[in-house]
Number of protein chains: 2
Amino acid sequence: MREPQRRSDCPISYALDLFGDKWSLLVMRDILFREKAHYREFLASEERIATNILADRLSRLEAAGLISKTDEEPRSGKQAYVVTRKGQDLIPVLLEMMLWSARYDPHTGAPAVLIAELKKDRAKVVRGIRRAGGVEPFLRTL
Amino acid sequence: MREPQRRSDCPISYALDLFGDKWSLLVMRDILFREKAHYREFLASEERIATNILADRLSRLEAAGLISKTDEEPRSGKQAYVVTRKGQDLIPVLLEMMLWSARYDPHTGAPAVLIAELKKDRAKVVRGIRRAGGVEPFLRTL
DNA sequence: CCGGATCCGTTTCGATACTG
DNA sequence: CAGTATCGAAACGGATCCGG
């Protein structure tokens, strides 16, 4: 497993050490907005993460305290990943990133519903995701 | 130069293709919060980016329309990078990321001033950075 | 089946030296 | 000053293998 090393004392570098790669934030998107919980489900994302990379990212995210592993059904060997409070607090970051992408990505349109909701009551949207885990259909496309 | 290729139609993947590495967001931090404009200034950051990586990231960010290069002083060969509107619109993303880092990074304390300002009037803070480019001293530590 | 670990070829990174 | 060139090291990606 890759052990990230801090490169500076600037606060943002803590996030960059964790998320400065192609996959970590995608895993967090899956668990936060798409209710994914099992290894197989992450693997099935359209971005096609490799098995070894996924295993590495899951264990790094767990080591950093953003997710935690639970033995859902010990006899079948089935495990589930759940997001922690620290992980949930990443929701605003992902939302801002998604808003920026939606505005400038020539490839996808901006999800007008979400933008309107955010403008109306930002904190409420964050709370909704935190509780429901992306149950609202428009969130699942992020 | 590395040409990023889109991996999915999910809007957030546009941002991840651009920023899914250790350096791109650091360059944007430098230009947005620390008023850096010249190649050597970026090089001087404490994270010690290599010259070839910096050149690559600058040209990618320029190709993506987040910064643009101007001939500040044509006869001395001195060039300056300036941030575009599209690049400035990344400020909220960086701010959220910094807030999250500050909250959870055991290594740095949270900049209380900024947190208070953001809670009071988020849009005003963003406008301030947009105009002044990190002139406020507390921004330079981000 | 499920959740990985291992192996291995390819891509990217990073440090230093060098150049227009 | 603002980058290239080079080269070893690290990370990635795909395929396959393994233990429960």
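Above this text is the structure in question.
Keep in mind that this is a model prediction, so the values were computed, not measured.

Engineer: Give a description of the interface of chain B and chain A that names residues and reports values.
Structural biologist: Each partner contributes residues to the interface: chain B has 45 residues there, and chain A has 45 residues. Taken over both partners, the interface formed by chain B and chain A buries close to 4,300 Å², and the fraction arising from carbon and sulfur atoms is 66%. Along the contact surface separating chain B from chain A lie 4 salt bridges. Among the ionic pairs, A:Asp89 bridges to B:Arg103, the shortest N-O distance being 3.5 Å. Here chain B is connected to chain A by 8 residue pairs in polar contact (both at pLDDT 80 or more). Among the secondary structure elements, those contributing two or more residues to the side of chain B that touches chain A are helix 1 (12-19), helix 2 (24-33), helix 5 (85-88) and helix 6 (91-104) of chain B. The element that contributes the greatest number of residues to the side of chain B that touches chain A is helix 6 of chain B, accounting for 10 residues. Here the residues of the side of chain B that touches chain A are counted per class, giving 22 nonpolar, 6 polar and 17 charged.

Engineer: Tell me what's going on with the relation of the copies chain B and chain A, and back it up with residues and numbers.
Structural biologist: Between chain B and chain A, the superposition needs a rotation of 180 degrees and an axial shift of 0.0 Å, giving an RMSD of 0.1 Å. Considering both components of the superposition, the chain copies are consistent with a two-fold axis. For chain B, the residue whose C-alpha comes nearest the rotation axis is B:Asp21, separated from it by 2.3 Å. Comparing contact sets, 100% of the residues at the interface of chain B also lie at the interface in chain A, consistent with an isologous, same-surface contact.

Engineer: Any details on the packing of helix 2 (residues 24-33) of chain A against helix 6 (residues 91-104) of chain A? Residues and values, ideally.
Structural biologist: Relative placement of two packed helices is described by the angle separating their axes and the distance separating the axes. Residues and elements named next belong to chain A. As a packed pair, helix 2 and helix 6 sit with axes 11 Å apart at the nearest point and diverge in direction by 105 degrees. The angle between helix 2 and helix 6 falls in the class roughly perpendicular. Of the residues in helix 6, those in contact with Leu-25, Leu-32 and Phe-33 of helix 2 are Ile-91, Leu-94, Leu-95 and Met-97. The class makeup of the residues in the contact of helix 2 with helix 6 is 7 nonpolar, no polar and no charged.

Engineer: Requested: an account of the side chain of A:Asp105, with residues and values cited.
Structural biologist: Tracing the backbone through its elements, the reader meets A:Asp105 in the loop between helix 6 and helix 7 (112-120). For A:Asp105, a relative accessible area of 4% puts it in the buried group. When residues no more than four places from it in sequence are discounted, the contact partners of A:Asp105 are B:Arg6, B:Pro11 and B:Tyr14.

Engineer: Could you give me a rundown of the environment of B:Ala123, with the residues and numbers involved?
Structural biologist: Within the fold, B:Ala123 resides in helix 8 (residues 122-132). A sequence separation of 109 residues divides B:Ala123 from B:Tyr14, and the C-alpha atoms of the two residues are 24 Å apart.

Engineer: Lay out the protein's contact with DNA strand D in plain terms, naming residues and giving numbers.
Structural biologist: The environment of DNA strand D is made up of 19 residues, and the closest members are A:Trp23, A:Asn52, A:Arg57, B:Thr51 and B:Tyr81. Counting only atoms of DNA strand D within 4 Å of the protein, the fraction found in sugar and phosphate groups is 62%. Between DNA strand D and A:Trp23, the relevant distance is 2.7 Å, taken from a phosphate oxygen to a side-chain nitrogen or oxygen of the residue. In the environment of DNA strand D, a base nitrogen lies 3.5 Å from a nitrogen or oxygen atom belonging to the side chain of A:Thr51. Put simply, the parts of the chain that give the surface near DNA strand D at least two residues each are helix 4 (51-63) of chain A together with helix 3 (39-43), helix 4 (51-63) and strand 2 (78-83) of chain B. For the surface near DNA strand D, the leading source of residues is helix 4 of chain A, giving 4 residues. Grouping the constituent residues of the surface near DNA strand D by class yields 6 nonpolar, 6 polar and 7 charged.

Engineer: I'd like to hear about the protein's contact with DNA strand C, residue by residue, with values.
Structural biologist: Taken together, 19 residues are adjacent to DNA strand C, and A:Arg40, A:Tyr81, B:Trp23, B:Asn52 and B:Arg57 come closest. Per the 4 Å cut-off to the protein, sugar and phosphate atoms form 61% of the nearby atoms of DNA strand C. A distance of 2.4 Å separates a phosphate oxygen of DNA strand C from a polar side-chain atom of B:Trp23. Between DNA strand C and the protein, one listed contact pairs a phosphate oxygen with a side-chain N or O atom of B:Arg57 at 2.6 Å. Elements with a minimum of two residues in the surface near DNA strand C: helix 3 (39-43), helix 4 and strand 2 (78-83) of chain A together with helix 4 of chain B. It is helix 4 of chain B that contributes the most residues to the surface near DNA strand C, 4 residues altogether.

Engineer: With reference to specific residues and values, describe unusual backbone geometry.
Structural biologist: Most peptide bonds take the trans configuration, and most residues that are not glycine carry a negative phi. Even without being glycine, A:Arg48 reaches a positive phi, approximately 60 degrees. Relative to the elements of secondary structure, A:Arg48 occurs in the loop between helix 3 and helix 4.

Rules of the game
- Residues numbered from 1 in each chain as written.
- Chains lettered and ligands numbered in written order.
- Predicted model: local features only at pLDDT ≥ 70, side-chain atom pairs only at ≥ 80, totals over all residues.
- Heavy atoms only, no water.
- Contact = heavy atoms within 4.5 Å.
- Buried area = accessible area lost by both parts, 1.4 Å probe.
- Salt bridge = Lys/Arg side-chain N within 4 Å of Asp/Glu carboxyl O.
- Polar contact = N/O pair within 3.5 Å; in protein donor to acceptor, adjacent residues only side chain to side chain.
- Helix = DSSP H or I, 4+ residues; strand = E, 2+ residues; numbered from the N terminus.
- Nonpolar A, V, L, I, M, F, W, Y, C, P; charged D, E, K, R; others polar.
- Least-squares fit on C-alpha atoms with pLDDT ≥ 70 in both.
- Axes fitted to C-alpha atoms, helices over the stretch in contact; angles between N-to-C directions.
- Parallel < 35°, antiparallel > 145°, perpendicular 65-115°, else oblique.
- Buried < 20%, exposed > 50% of the residue type's maximum accessible area, 1.4 Å probe, protein only.
- Near = heavy atom within 4 Å.

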